[in-house]
Every structure is written in structure tokens, then in C-alpha cells.
Amino acid sequence: MRAQNGFGGMNIESMAVINGEIKTSDSAWNKNCANKTLFDVKSDVIKLLKIAS
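Calculation criteria
- Residues numbered from 1 in each chain as written.
- Predicted model: local features only at pLDDT ≥ 70, side-chain atom pairs only at ≥ 80, totals over all residues.
- Heavy atoms only, no water.
- Helix = DSSP H or I, 4+ residues; strand = E, 2+ residues; numbered from the N terminus.
- Rg over C-alpha atoms; globule rule 2.2 N^0.38 Å.
- Buried < 20%, exposed > 50% of the residue type's maximum accessible area, 1.4 Å probe, protein only.
- Areas by Shrake-Rupley, 256 points an atom, 1.4 Å probe, with all protein chains shown as cover.
- Lys, Arg positive; Asp, Glu negative; His and termini not counted.
- Charge placed at Lys NZ, Arg CZ, Asp CG, Glu CD.

Draft legend 1. A look at the overall build of the chain. Along the backbone of the chain there are two helices and four strands. Radius of gyration (C-alpha) of the chain: 14 Å, far over the 10 Å computed for a compact globule of 53 residues. In the chain, which comprises 53 residues, the proportion classed as buried is 6%. Within the structure as shown, the chain displays about 5000 Å² of accessible surface, and the carbon and sulfur contribution to it stands at 55%. Taking the average location of the 7 positive side-chain charges in the chain and that of its 5 negative ones, the two points are 4 Å from each other.

Following this line, the structure appears as C-alpha cells:
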């Protein structure tokens, strides 16, 4: 995820969805995602948001 901070810079964050729950901690990422095959769902989410609007 990317977000613009109050100073105009960009913050890049990671998240994992584990058993339907969003986790944003480094330890959750390292335990469940690091060095594993992942699924990029960004384009799917964007499509769903366009359909819903």
C-alpha cells in the first residue's frame, strides 16, 4: 500500500490477509509471506471498486 504523508512523501506499507484478518506487523509479514509465493490482488481490488462506484 502507498499513502502520502503530511510532508508530501510517500509511505510504502505491506499487509497480509491471514484467515480473513488484515495484519500489518512486520512479524506477521515475515512469518506468513516472506520468501513465499504471493498473490497480487491490487488489480482485482481496483476492478471491484470501479464496479461498486
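Still to come is the rest of the account.
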